Amino acid sequence: MRISRLIVILFVFFSQMAFGQMDTTEQKFVTHVVEAKETLFGICKEYAIDQETLVKYNPQLTGGLKIGQSLLIPVVERQPFENLYLSNEAFLLHRVFPKQTIYSITKEYNVSTQELYDANPELVENGLQIGMLLRIPVKVDLNAPADSAFQKMKPGPSMQPLLRPEVPDSLEGNRYKMGVILPFYLQINDSIDLNRALEEDPTVYRKSKIALDFYFGLRLAIDTLVKSGLNIELSVEDSENDPLIAWTEYMKMRDFDLVVGPLYSDNVLAIANRRGDQGALLISPFSKKAEIVYSNRNTVQVLPSDRQMLDVLAQTVINRFHSDHLFMVYTDTLQDTINAAYMREKFSHYLDSGKVKEVAVFDAQIDGVDWLKDYDTNVVIVPSTDHVFMTDLITKLNAERLENVVVIGLPDIDRLDVDFSYLNNLHLHYPAAQAVRTNDSLMQSFVIQYRARYFDEPSRFAMQGFDIGYYFGRLLMETGSVEGLTARKEVLLQNGFDFRETQNGSYINKHVFLMKFEDFTRVVVPQD
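Position numbers for residues count from 1 along each chain, tracking the sequence in the order it is written. With the structure being a predicted model, the display of local features is reserved for residues of pLDDT at least 70 and the display and counting of side-chain atom pairs for 80 or more, all residues being used for whole-chain, interface and lining totals. By convention in this description, side-chain values take in all heavy atoms of the structure and omit both hydrogens and water.

What about the packing of aromatic side chains?
And step 1. Working definition: a ring pair exists when centres of Phe, Tyr or Trp rings (six-membered ring for Trp) sit within 6.5 Å. Plane angles under 30 degrees give stacked, over 60 give edge-to-face, the rest tilted. For the coordinates displayed, the defined rule picks out 16 aromatic pairs.
And step 2. For the ring pair Phe446 and Phe466, a centre distance of 5.0 Å and an interplane angle of 55 degrees mean the geometry is tilted. With Phe446 in helix 17 (residues 441–454) and Phe466 in helix 18 (residues 460–479), this residue pair connects regions lying 20 residues apart in the sequence.
And step 3. Residue burial is assigned from relative accessible area. The probe radius is 1.4 Å, only protein chains are included, and a residue is buried under 20% of its type maximum, exposed over 50%, and partly exposed in between. Note on Phe446: relative accessible area 0%, which makes it buried. Strands are runs of DSSP state E lasting at least two residues, helices are runs of H or I lasting at least four, and both sets are numbered from the N terminus onward.

Have a look at this one:
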């Protein structure tokens, strides 16, 4: 199968590019439960590994060794203990995301700017780049004994090494089929001389990397469920970015239980519009276009739509800030006017008339914000997608240095080219389709296994693939079909799942996270 060959070739390529060596075996682990008075030095000596390796697979050790902790110990070829280099220093890996700064990263990991630059000298020459992989220096005390009981992490799905659900007795022996249609761009990558590229210019078509990351995450989820008893046939095809190819590949899978993909909206629509009421359940991983679900049957939209973001924005104001002074600020652009009208209609049902004062802005330039100064608490509602206007507004609000301002906007407001501190100072709130659960046990187990298998840090596309593969694969495994997806609510690595069926028989995801800036980090606001 050509797509399998492509995946193998590109997997090898990225492995070599990231680590400079070949190692395609899956890392094996044993579990070590920390006992009283044990030290990191003793554990390293017992298993003949250095502290760098131990911390890599157990990042919680940066908080100290705790009695009762379960540590993942990689099974490696033993070497004489005297050959190990042990010190009180180790490194974690951090992938740089949009809007992160040197300041925010140093604050997140409690390291100095100088320590970060010393560990990553390329920062001096190239600066901080989105997608850059940073080494974060951490201190560990090799000789400190485990001195306190391990406090379990906050409740959530737990995988040791990954969550293992069981197949009900009534479904034993059932076999399922899942199709995956992704834009691997096989023809373009076939034109690249990979052997030469590995020696001279390590580049592979960028959009292939997105598809591969998604596939690697999905494959990790499916393999985990297979180990628990899921009997599934996984078929993978290349759609490039061609609606005709996407339709052709889907027709090969029309009798499957479900098909994941394609990634591009027009390719999803090419399938959904043509097939009518027939064919496998179609899962759209990224598109937010309303016509995918509202004009077609048997289609699932994983990401909440823009209209749902407006609903959450309005409901947040009504539920949390109804007693404060409310201002809705927007431009005269068509989209902003539509958004403001929708918000106005929502407010009219729950808030007193005149409660929300409106400030209409022309030509995307706001004259001033003097109207804020007379009040104790001001909530500025920004139902806008105009980046020029929002940048100007946020900059001017921050310049006032007021402590009593809360800004609430749509997801685009978190993508502005403004200093991270501005958003923190203004206590920014916004709805989000996804929220990475960094400190959850599920995420930590996923990252460890992803690193061990693919020799890279998982991107948000890999997390998306895992969440979709795990949610729908587990649904098949535990219920025997995908018909009960409206009854299963779940939050995984970065997605929440809470599906509602539309009148024409498709499904929209109603789960939206409410985010806010707090102490220079984005945190999820608990739902009421």
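Section: the sheet that holds strand 9 (residues 299–301)
And step 1. The criterion for strand pairing is that DSSP finds at least two bridges linking the strands in question. Taking strand neighbours across the sheet as the criterion, the 7 strands line up as 6-5-7-8-9-18-17 in an open arrangement whose pairing is mixed. Two strands close off the open sheet at either side, each with one partner strand: strand 6 (232–238) and strand 17 (499–501). Put simply, the sheet's adjacent strands are angled 20 degrees from each other on average, direction ignored.
And step 2. Here 3 bridges tie strand 7 (residues 258–260) to strand 8 (residues 281–284), and the two strands are oriented parallel to one another. Across the sheet, the residue bridging to Leu258 is Leu281, located in strand 8. Interaxial angle, 0 to 180 degrees, is taken between N-to-C directions of lines fitted to C-alpha atoms, where a helix line uses only the stretch in contact.

Quick notes on the side chain of Ser459
And step 1. For Ser459, the location among the structural elements is in the loop between helix 17 and helix 18.
And step 2. In the analysis that follows, any N or O atom pair within 3.5 Å is treated as a polar contact, provided that within protein one partner can donate a hydrogen and the other can accept it, and provided that, for residues neighboring in sequence, both atoms belong to side chains. Polar contacts involving the side chain of Ser459 include one to the side chain of Asp213, which spans 2.8 Å.

Details of the nonpolar core
And step 1. To qualify as a nonpolar core, a set must consist of buried Ala, Val, Leu, Ile, Met, Phe, Trp, Tyr and Cys residues joined through side-chain atoms within 4.5 Å. Ile283, Phe347, Ile381, Phe446, Phe472 and Leu485 are the most contacted members of the largest nonpolar core, which has 77 residues in total.
And step 2. The greatest single-element share of this core, amounting to 11 residues, is contributed by helix 18.
And step 3. By definition in these notes, contact holds between two residues if any of their heavy atoms fall within 4.5 Å. For Phe472, the residues in contact, after removing those within four places along its chain, are Leu258, Ile283, Val300, Leu485 and Phe499.
And step 4. One finds Leu397, Ile413, Leu428 and Phe517 within the second-largest nonpolar core, a separate group that totals 30 residues.

Thoughts on the side chain of Asp467
And step 1. With respect to the helices and strands, the residue Asp467 is situated in helix 18.
And step 2. Under the convention used here, Asp and Glu are negative, Lys and Arg are positive, and both His and the chain ends fall outside the count. Each salt bridge in this description consists of a side-chain nitrogen of Lys or Arg and a carboxyl oxygen of Asp or Glu lying within 4 Å of one another. Nearest to the buried, unbridged Asp467 among oppositely charged side chains is Arg437, at 8.2 Å.
And step 3. A polar contact is formed between the side chain of Asp467 and the backbone nitrogen of Gln494, at a distance of 2.9 Å.
And step 4. Among residues more than four places away in sequence, those in contact with Asp467 are Leu492, Leu493, Gln494, Asn495 and Phe497.

Quick word on the packing of helix 13 (residues 306–320) against helix 14 (residues 334–350)
And step 1. Where helix 13 meets helix 14, the closest approach of the two axes is 10 Å, and the angle between their N-to-C directions is 40 degrees. If you check the angle between helix 13 and helix 14, you find them oblique. Like other packed secondary-structure pairs, helix 13 and helix 14 cross with a definite hand, here right-handed. For the pair formed by helix 13 and helix 14, the contact residues are Arg307, Leu310, Asp311, Leu313, Ala314, Val317 and Ile318 on the first element and Asn339, Tyr342, Met343, Lys346, Phe347 and Tyr350 on the second. Any angle from 65 to 115 degrees is called roughly perpendicular, while one under 35 is roughly parallel, one over 145 is roughly antiparallel, and all others are oblique. Left-handed is the label given to a crossing in which the near helix is rotated counterclockwise from the far helix by less than a right angle, and right-handed is the label when the rotation is clockwise.

Quick word on the pattern of salt bridges
And step 1. What the rule picks out here adds up to 14 salt bridges.
And step 2. Measuring nitrogen to oxygen at the nearest pair gives 3.1 Å for the salt bridge that ties Asp414 to Arg522. Taken together, the residues Asp414 in the loop between strand 13 (405–409) and helix 16 (420–425) and Arg522 in strand 20 (residues 521–524) connect sequence positions 108 residues apart.
And step 3. The exposure class assigned to Arg522 is partly exposed, which follows from its relative accessible area of 28%.
And step 4. With a shortest N-O distance of 2.8 Å, Glu478 and Arg488 are connected by a salt bridge. Pair noted here: Glu478 is in helix 18 and Arg488 is in the loop between helix 18 and strand 15 (490–491), with a separation of 10 residues, a long-range link.
And step 5. When salt bridges with common partners are traced through the structure, they connect Arg474, Glu478, Arg488 and Glu490 into a single cluster.

A short note on unusual backbone geometry
And step 1. In the segment running from Gly261 into Pro262, the intervening peptide bond is cis, with an omega of -5 degrees.
And step 2. Mapped onto the elements of the fold, Pro262 is located in the loop between strand 7 and helix 11 (265–275).
And step 3. Backbone geometry at Glu240 places phi at a positive 50 degrees, although glycine is not the residue there.
And step 4. Taking the relative accessible area as the measure of exposure, Glu240 reaches 18% and is therefore buried.
And step 5. Even without a glycine there, the phi angle at Asn298 is positive, about 60 degrees.
And step 6. Structurally, Asn298 can be placed in the loop between helix 12 (291–294) and strand 9.

Quick notes on the pairing of strand 10 (residues 325–331)
And step 1. Within strand 10, 6 of the 7 residues are buried, which leaves the element mostly enclosed by the surrounding structure.
And step 2. As paired elements, strand 10 and strand 11 (residues 356–361) share 6 bridges and run parallel to each other. The residue bridging Val329 from the neighbouring strand is Val359, located in strand 11.
And step 3. Handedness of a crossover: with both strands directed away from the viewer, a clockwise path from the first strand across the helix to the second marks it as right-handed. Taken together, strand 10, helix 14 and strand 11 constitute a β-α-β crossover, and its handedness is right-handed.

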